[in-house]
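Each chain is listed here by its residues.
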Number of protein chains: 2
Amino acid sequence: MDYRIIQVKEDILEENSKRAEELRSILKNKGIYMINVMASPGAGKTTLLVSLINKLKKEFKIGVMEADIDGDVDALRIVQFTGVPSIQIHTSGACHLTAQMTHDAINEFNIDNLDLLFLENVGNLVCPAEFDTGSNINMMLLSVPEGDDKPLKYPLMFEVSNIAVITKLDTKEIFDFDVDRCQQNIHMRNKDAKIFEVCALKDQGVDELASYITTLVKENKHA
Amino acid sequence: MDYRIIQVKEDILEENSKRAEELRSILKNKGIYMINVMASPGAGKTTLLVSLINKLKKEFKIGVMEADIDGDVDALRIVQFTGVPSIQIHTSGACHLTAQMTHDAINEFNIDNLDLLFLENVGNLVCPAEFDTGSNINMMLLSVPEGDDKPLKYPLMFEVSNIAVITKLDTKEIFDFDVDRCQQNIHMRNKDAKIFEVCALKDQGVDELASYITTLVKENKHA
């Protein structure tokens, strides 16, 4: 039984990588930059996206794809608070998005005029890290209430994320969260990770992240 | 590809259910009550266990099995702050525990004299809910910073949990968390779920949960 599970998983991951490369190539031809956003449930993904998009939408045409097992609250929030187009993907119980699921969703979503596409993955620090979605970059969020030790317990998520955003920073005293120790733990998993510290509800630190993303999207346009 | 994945998953779940029933039968013969503890990363599982165990350890012989992808901070915390035996299970990257993994861990852990065994699952609101571990009961934690809408997005976790514990209750004003709405959302997924509200660090609400667990363990002894 164990061997069969491992073999099937390897096949799935290999197939997924091919689909991801195909999707990246399609997006490149259209000049679209896609960011895969991952985090635990309730880490503040949608709240950060709302704040980011309101800073970026004057310069770029933006779309959002929201993945959840059930519900549509996140896609509605994006439309209501930013005005940019958003669709909700339901994963039929799956704990992560695959490249194929992402591609299927894109086929139902008019992306042709977009510069920047955010993909909000299922809230989960484990499984989404295993599957390349076809995005250009992975951005993960770690919220202060979760604790500064999370990189010790969920290594792959931090290894595959180019950007790590520490969210809900205004609560660091309440939760005895050590930002320096957290940065060390993140860099132990990925020495090149670019770390940002934000409190999206109070508009703290989001400008720096928006500026970094602006550079990435512009580089992609001119690549 | 899709059919093959579904078929393998059904096989795995069916095999897992058999293993879980076998393990429950073994535990029953030994008079041991096992509680599977599930939650998002950083929801406060270990903190709640420390508080609970210090209230229950005079009456019962207790053991703890801590599952994580990597690290051993939780097992060390349990031993340091409660004095009860604890082992760390590493899941080799897996996002959940199976009944077989639980059984293998029990074989390495001397449980013969225990009355109560806590199994702390991998921090994840999705996958652990799919796999029966062989425990007598599922206890899930939802921390206030995650938000009161989580039952809408992660239905299965709430459906399979007999006990739902709202943790970090002292921060409900900070995070605009509506306890009544959260209770309604939980009961929408599972009308029989027993809900507790705690702040383990301030020793609020944990006595009620300890009392409920005491009744369950005693009933198990006399069943």
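Please refer to the structure placed before this passage.
All of these numbers come straight from a predicted model, not from anything done at the bench. (Residues numbered from 1 in each chain as written. Chains lettered and ligands numbered in written order. Predicted model: local features only at pLDDT ≥ 70, side-chain atom pairs only at ≥ 80, totals over all residues. Heavy atoms only, no water.)

## Considering the sheet that holds strand 2 (residues 62-68) of chain A
Residue and element names in this part refer to chain A.
Turning to step 1, where the next piece is worked out: In spatial order, the strands read 3-2-4-1-5-6-7; together these seven strands make up an open sheet with parallel pairing. Lying at the two open borders of the sheet, with one neighbouring strand each, are strand 3 (86-90) and strand 7 (194-197). In this sheet, adjacent strand axes meet at a mean angle of 20° when their direction is disregarded.
Turning to step 2, where the next piece is worked out: Taken strand by strand, helix 3 (residues 73-82) contacts strand 2, strand 3 and strand 4 (116-120), and its axis lies near 175° from that of strand 3.
Turning to step 3, where the next piece is worked out: Each of strand 1 (33-39), strand 2, strand 3 and strand 4 is contacted by helix 4 (residues 99-107), which is oriented at about 130° to strand 2, the strand it contacts most. (Pairing = 2+ DSSP bridges. Helix = DSSP H or I, 4+ residues; strand = E, 2+ residues; numbered from the N terminus. Axes fitted to C-alpha atoms, helices over the stretch in contact; angles between N-to-C directions. Contact = heavy atoms within 4.5 Å.)

## Examining the pairing of strand 6 (residues 163-167) of chain B
Across a regular strand the side chains alternate sides, sitting on one face of the sheet and then on the other.
Residue and element names in this part refer to chain B.
Turning to step 1, where the next piece is worked out: Within strand 6, five of the five residues are buried, which leaves the element mostly enclosed by the surrounding structure.
Turning to step 2, where the next piece is worked out: Burial along strand 6 is two-sided: the face carrying Ile 163, Val 165 and Thr 167 and the face carrying Ala 164 and Ile 166 are both buried.
Turning to step 3, where the next piece is worked out: Bridge analysis of strand 5 (residues 137-143) against strand 6 gives five bridges, and the strand direction is parallel. Looking at the pairing, Leu 142 lines up with Ile 166 of strand 6.
Turning to step 4, where the next piece is worked out: Relative to strand 7 (residues 194-197), strand 6 runs parallel, the two being bridged by four bridges. From the neighbouring strand, Ala 164 faces strand 7, where its bridge partner is Ile 195.
Turning to step 5, where the next piece is worked out: Handedness of the crossover is the feature at issue here: the chain leaves strand 6, passes through helix 7 (residues 179-189), returns alongside strand 7, and the resulting connection is right-handed. (Buried < 20%, exposed > 50% of the residue type's maximum accessible area, 1.4 Å probe, protein only. Right-handed = clockwise from strand over helix to strand, strands pointing away.)

## Focus on the relation of the copies chain B and chain A
Turning to step 1, where the next piece is worked out: Superposing chain B onto chain A takes a rotation of 180° combined with a translation of 0.0 Å along the rotation axis, leaving an RMSD of 0.0 Å. Here the two chains are linked by the operation of a two-fold rotation axis.
Turning to step 2, where the next piece is worked out: Most of the interface of chain B is mirrored in chain A, where 100% of its interface residues are also at the interface. (Least-squares fit on C-alpha atoms with pLDDT ≥ 70 in both.)

## Brief notes about the interface of chain B and chain A
Turning to step 1, where the next piece is worked out: With 37 residues of chain B at the interface, the matching set in chain A holds 37 residues.
Turning to step 2, where the next piece is worked out: Across the chain B to chain A interface the summed buried area is about 2900 Å²; carbon plus sulfur atoms make up 66%.
Turning to step 3, where the next piece is worked out: For the interface between chain B and chain A, the tally reads four salt bridges.
Turning to step 4, where the next piece is worked out: With a shortest N-O distance of 2.8 Å, Asp74(A) and Lys153(B) are connected by a salt bridge.
Turning to step 5, where the next piece is worked out: Counting every contact that joins chain B to chain A gives eight residue pairs in polar contact (both at pLDDT 80 or more).
Turning to step 6, where the next piece is worked out: The set of elements that each furnish at least two residues to the side of chain B that touches chain A consists of helix 1 (2-30), helix 3 (73-82) and helix 5 (150-153) of chain B.
Turning to step 7, where the next piece is worked out: By residue number, the principal contributor to the side of chain B that touches chain A is helix 1 of chain B, which donates six residues.
Turning to step 8, where the next piece is worked out: Residues belonging to the side of chain B that touches chain A are distributed by class as follows: 18 nonpolar, seven polar and 12 charged. (Buried area = accessible area lost by both parts, 1.4 Å probe. Salt bridge = Lys/Arg side-chain N within 4 Å of Asp/Glu carboxyl O. Polar contact = N/O pair within 3.5 Å; in protein donor to acceptor, adjacent residues only side chain to side chain. Nonpolar A, V, L, I, M, F, W, Y, C, P; charged D, E, K, R; others polar.)

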